[in-house]
Amino acid sequence: MLIKMMISKKRKLGKMPGISSKLVETGLKSNWAHNLFHSKFVYPFSSARSSLFYAWKSMNLPKGDEILIPSFICNSVSEPLIEAGAKIKYFKVLPDGNYDWEELASLDLSNVKVFLWVHFLGLAGDFSEALKFCKSKRLYLLEDCSHALLTTYKNKTVGSFGDVACFSLRKCLPVLGGGVLQINNPKFNKPFLNINKNPQVGDKARQDGERLEYFNYLRSIQSWQVNGGDLLYKEVLPNIDFILNDKRFPYELDQISQNIINNIDFCDLKRKVRRNFKIYFKHLKPISLFNKLDTGDVPIGFPVIVKNRDAFRSELERHDILPTCHWPDYLLPDGVAKQFPDTLKLANSILTLPCHQDLSTEDITYACEVIKNLLLEEKNYA
Ligand SMILES: Cc1ncc(COP(=O)(O)O)c(C=O)c1O
């Protein structure tokens, strides 16, 4: 009975927020970066992967120096670092996504100069341990804030703790691209133009033309990625890979994205995503990857752990719930799955449920009911 009622629901619960014409069309209120970052040394790129590339470059470390990276990571993090000249040392991640700090401390770190911390899905998690670890081992900290644009830790925005930090705008806001590099360590190179002084560099015409088409399409369907995954990106914007991997710098955001950012009510956004996360947490505790939400956390999704993840995901899609996956095995860096079996296990069982600001209490409750029914009916998921 319950399922029948749910199937009749019209709206698909997409993975990203939709955008309204109000967000796209109204004019600039102020410089978009001022709304989000509180540092002078903030540089725009086409994507976080490009900013990671320049993060390594800005450190200007000798060849052979290593960066310590969790083995459960997306190859869009490892590849630009390797391309920039970094040598990567991966470390073990536990099946629950946590790190074994004692084991980490016992590793041979003689060539390691940098530690990469990911604010995974927008949660600060064990960040205090990371800060202690970097201090005790005298490592530079590279904060990957790609999932955590609006997250704060101890009342300070994430990205302001590390020597250098990277952000991805498109993962946290309804814009298409955009990465940011923030350089906090005064020793590091800043061979970039300051965006505040040069607001319109980059191949703007190409970006705007394509994005306008893209946004018009999105507006017509109202919810981002309803057709599932990157397919929509590729259909509407065949050049997306080119844009994300474009390493020219700086790469100012197109005007439409700037307008969107300047018109977002960030307090409202934070309140809604946190509310949605908490509803999931209340209903789905037994399969939740996380066991708490800190006061500054602004999540981009609610991760669950299920057996037969791909079948489970298909069932959810049948009920118009479109989760994503951070990260499936095919996005792990080369060799990691073989070397770290727990990482592979995690990659095969994790699923991120949507909790963005466009989804209402009713939407999330609906998703929880569908999931609880599935877990009850099909014992092979829990
Ligand atoms: C933790 C993390 N960092 C960086 C990236 C790269 O972000 P972008 O798509 O903006 O290049 C991703 C995902 O692709 C990610 O999950």
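Reading the values: rules and limits
- Residues numbered from 1 in each chain as written.
- Predicted model: local features only at pLDDT ≥ 70, side-chain atom pairs only at ≥ 80, totals over all residues.
- Heavy atoms only, no water.
- Pairing = 2+ DSSP bridges.
- Helix = DSSP H or I, 4+ residues; strand = E, 2+ residues; numbered from the N terminus.
- Axes fitted to C-alpha atoms, helices over the stretch in contact; angles between N-to-C directions.
- Contact = heavy atoms within 4.5 Å.
- Parallel < 35°, antiparallel > 145°, perpendicular 65-115°, else oblique.
- Left-handed = near helix turned anticlockwise from the far one by under 90°.
- Nonpolar A, V, L, I, M, F, W, Y, C, P; charged D, E, K, R; others polar.
- Buried < 20%, exposed > 50% of the residue type's maximum accessible area, 1.4 Å probe, protein only.
- Right-handed = clockwise from strand over helix to strand, strands pointing away.
- Near = heavy atom within 4 Å.
- Polar contact = N/O pair within 3.5 Å; in protein donor to acceptor, adjacent residues only side chain to side chain.
- Areas by Shrake-Rupley, 256 points an atom, 1.4 Å probe, with all protein chains shown as cover.

Enquirer: What exactly am I supposed to notice about the sheet that holds strand 1 (residues 42-45) here?
Expert: With mixed pairing, the seven strands of this open sheet are ordered in space as 1-9-8-5-4-2-3. One side of each edge strand has no neighbouring strand; the edge strands of this open sheet are strand 1 and strand 3 (87-91). Pairwise comparison of adjacent strand axes, ignoring direction, gives a mean angle of 20° for this sheet. Two strands pair when backbone bridges link them, and strand 1 and strand 9 (residues 179-183) are joined in this way by four bridges, in the antiparallel orientation. Looking at strand 9, one finds that Y43 is bridged to L181. Running over the sheet, helix 5 (residues 75-84) touches strand 2 (66-70), strand 3, strand 4 (112-118) and strand 5 (140-144) and is turned about 150° from strand 3.

Enquirer: Would you take a moment to explain the packing of helix 14 (residues 309-318) against helix 17 (residues 361-377) for this structure?
Expert: The relative placement of two packed helices comes down to the angle between their axes together with the axis-to-axis distance. At a closest axis distance of 11 Å, the pairing of helix 14 and helix 17 adopts a crossing angle of 135°. With respect to their mutual orientation, helix 14 and helix 17 come out oblique. Here helix 14 runs over helix 17; the crossing is right-handed. Only V370, I371, L374 and L375 of helix 17 make contact with helix 14, whose side of the interface consists of F312, E315 and L316. Looking at the contact of helix 14 with helix 17, its residues break down into six nonpolar, no polar and one charged.

Enquirer: How should I be thinking about the pairing of strand 2 in this particular structure?
Expert: Looking along a regular strand, one sees the side chains alternate between the two faces of the sheet. For strand 2, the buried fraction is high: five of the five residues fall into the buried class. The side-chain alternation of strand 2 yields two buried faces, one formed by E66, L68 and P70 and the other by I67 and I69. In the sheet, strand 2 pairs with strand 3 via five bridges, with the strands oriented parallel. Bridging from a neighbouring strand, E66 pairs with K87 of strand 3. Between the parallel elements strand 2 and strand 3, the chain passes through helix 5 in a crossover that is right-handed. The pairing of strand 2 with strand 4 spans three bridges and is parallel. The partner of I67 across the bridge, within strand 4, is V114.

Enquirer: I'm lost on the site of the ligand in this one. Help?
Expert: If you check the shell around the ligand, you find 13 residues, and the closest are R49, D144, H147, S168 and R170. A distance of 2.7 Å separates a nitrogen atom of the ligand from a polar side-chain atom of D144. Between the ligand and S168, the relevant distance is 2.7 Å, taken from an oxygen atom to a side-chain nitrogen or oxygen of the residue. Protein contact buries 97% of the 390 Å² of open area that the ligand shows by itself. The set of elements that each furnish at least two residues to the shell around the ligand consists of helix 4 (48-59), helix 5 and helix 8 (169-172). Taken together, the residues of the shell around the ligand break down into four nonpolar, five polar and four charged.

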